[in-house]
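Okay, here's what each chain looks like letter by letter:
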There are 2 protein chains.
Amino acid sequence: MHKYPKNILTLIAFLKKLPGVGNKTAERFCFDLIKWKDSDLKSFGQLLSTILESIKKCPICGCLAENEKCHFCDLSQRDKTTLCIIASPKDLYLIEETNSYNGIYHVLENLISPMDGFNIDDDNIKKLENRIENLKIKEVIIALDSTLEGDATALFIKTKLKNMDLKISRLAFGLPIGSSLEYIDGGTLAKAFTGRQKF
Amino acid sequence: MHKYPKNILTLIAFLKKLPGVGNKTAERFCFDLIKWKDSDLKSFGQLLSTILESIKKCPICGCLAENEKCHFCDLSQRDKTTLCIIASPKDLYLIEETNSYNGIYHVLENLISPMDGFNIDDDNIKKLENRIENLKIKEVIIALDSTLEGDATALFIKTKLKNMDLKISRLAFGLPIGSSLEYIDGGTLAKAFTGRQKF
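Residues numbered from 1 in each chain as written. Chains lettered and ligands numbered in written order. Predicted model: local features only at pLDDT ≥ 70, side-chain atom pairs only at ≥ 80, totals over all residues. Heavy atoms only, no water.

### Considerations on the packing of helix 1 (residues 6–15) of chain B against helix 2 (residues 23–33) of chain B
All names here are of chain B.
Link 1 in the chain: It is the contact of helix 1 with helix 2, at a shortest axis distance of 9 Å, that shows an interaxial angle of 125°. One element, helix 1, and the other, helix 2, form an angle in the oblique class. The two elements helix 1 and helix 2 meet at a crossing, and its hand is right-handed. Along the contact surface, helix 1 presents Ile8, Leu11, Ile12 and Leu15, while helix 2 presents Asn23, Ala26, Glu27, Phe29, Cys30, Phe31 and Leu33.
Link 2 in the chain: The class makeup of the residues in the contact of helix 1 with helix 2 is nine nonpolar, one polar and one charged. (Axes fitted to C-alpha atoms, helices over the stretch in contact; angles between N-to-C directions. Helix = DSSP H or I, 4+ residues; strand = E, 2+ residues; numbered from the N terminus. Parallel < 35°, antiparallel > 145°, perpendicular 65-115°, else oblique. Left-handed = near helix turned anticlockwise from the far one by under 90°. Contact = heavy atoms within 4.5 Å. Nonpolar A, V, L, I, M, F, W, Y, C, P; charged D, E, K, R; others polar.)

Structure follows, in structure tokens:
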């Protein structure tokens, strides 16, 4: 096989680092990119080079903040008695879209995952405990994935917070809206049974 | 919905311009990118900003050339009696991978597509005719997609070149290797019948 020019190969290697992008897709992206207008490519490149400087993590909750002040830590506008624990800043926007929560957030960054070598940052847990104490939080909602990592982390946090006077809850498990029993796996169905609600 | 920070929105807008990437995938790419190392993002951004300057199109055949001299126009190493017409520089690498062609190439850039407002560049066709005459090409292989646009363009080129003394061929249509008749569409099967070969 005749190899692509060196810069094309490097570009393909970068694109392959994106989640779910294999060789073929990266090649497709690459050959699409070199058809873009030079000005677009320059702006895109410039944005990528500086994105980490322009997007700061809020030192209090860990969400993405554009200005010095984090929108989601502004207690005048949010309910300061409930705190929602999430794995990544992205989850915050998914929750905000539902319009069903108006409390404050705490981003964990990593879930416990021995396979990937990730552990919970002790400083972050200490920060979480301090926030709960200082703000006199009444309820902590654990909004983590329903995966092995999410389960392990939820259990770890529950153990860490068990001596504090607060309600700890986790997102409900059950049938997704619009789903048919026929296509639901056994684990979900079992959870939906044990978690059944008065109707 | 609470909007993402402005730079995140811009980054998502750029990522959505990639082929086959919708809103959800662009968001996923974006939140993956902001987890990359800053040095990686800087190199990636730098590469994108300069890619069009480092990758030149060969003025003769239209393929990607790293140096002044295009590897595929180097007549000392290639068979100069056959010329293969392709739609994009990417197709060249796909053909080279098969090791079944050693002639020279000509890139059209655009196929005829009234829907997208693309037409064949007259200068490019003139250049093609000149190359065929000057190099005394004996066979022109039209290696365009089997789509409406590919068919229209192939027909157009055939008409343009009909007064020249050369063999014009097009890639064979038929069953893809490893396929089962059961899953083949009628159009392909009909083409495979009319194009059947002595066995």
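### Details of the packing of aromatic side chains
Link 1 in the chain: Per the counting criterion, the structure on display carries 19 aromatic pairs over all chains.
Link 2 in the chain: Among the aromatic residues, those joined into a ring-pair cluster are Tyr4(A), Phe31(A), Phe72(B), Tyr93(B), Tyr101(B) and Tyr105(B).
Link 3 in the chain: Above the face of the Trp36(B) ring, Lys17(A) is positioned so that its terminal group lies 4.5 Å from the ring centre. (Phe/Tyr/Trp six-rings, centres within 6.5 Å; stacked < 30°, edge-to-face > 60°. Lys NZ or Arg CZ within 6 Å of the ring centre and 35° of its normal.)

### What to know about the pairing of strand 4 (residues 104–107) of chain B
All names here are of chain B.
Link 1 in the chain: What you see with strand 4 is no split at all: Ile104 and His106 on one side and Tyr105 and Val107 on the other are buried throughout.
Link 2 in the chain: Sheet topology note: the strand 3 (residues 82–86)/strand 4 ladder contains four bridges and is parallel. Paired with Leu83 across the two strands is Ile104, which belongs to strand 4.
Link 3 in the chain: Handedness of the strand 3-helix 4 (residues 89–97)-strand 4 crossover: right-handed. (Buried < 20%, exposed > 50% of the residue type's maximum accessible area, 1.4 Å probe, protein only. Pairing = 2+ DSSP bridges. Right-handed = clockwise from strand over helix to strand, strands pointing away.)

### Brief notes about the sheet that holds strand 5 (residues 139–142) of chain B
Residues and elements named next belong to chain B.
Link 1 in the chain: Taken in spatial order, the four strands make up an open sheet running 4-3-5-6, and their pairing is parallel. Each edge of the open sheet is held by one strand with a lone partner, namely strand 4 and strand 6 (167–170). The sheet shows a mean angle of 25° between the axes of neighbouring strands, direction not considered.
Link 2 in the chain: Sheet contacts for helix 5 (residues 122–135): strand 3, strand 4 and strand 5; angle to strand 4, the most-contacted strand, approximately 165°.
Link 3 in the chain: Running at roughly 175° to strand 6, helix 6 (residues 148–161) makes contact with strand 3, strand 5 and strand 6 of the sheet.

### Considerations on the interface of chain B and chain A
Reports often express the size of an interface as the amount of accessible area lost when the parts come together.
Link 1 in the chain: Contacts between the two partners involve 53 residues from chain B and, on the opposite side, 53 residues from chain A.
Link 2 in the chain: Between the two partners, chain B and chain A, sit four salt bridges.
Link 3 in the chain: A salt bridge links Asp40(A) to Lys17(B), with the nearest nitrogen and oxygen atoms 2.5 Å apart.
Link 4 in the chain: Our enumeration of links across chain B and chain A arrives at eight residue pairs in polar contact (both at pLDDT 80 or more).
Link 5 in the chain: Here the element with the most residues in the side of chain B that touches chain A is helix 3 (residues 38–54) of chain B; it accounts for 15 residues.
Link 6 in the chain: Its residues assigned to classes, the side of chain B that touches chain A comprises 27 nonpolar, 10 polar and 16 charged. (Salt bridge = Lys/Arg side-chain N within 4 Å of Asp/Glu carboxyl O. Polar contact = N/O pair within 3.5 Å; in protein donor to acceptor, adjacent residues only side chain to side chain.)

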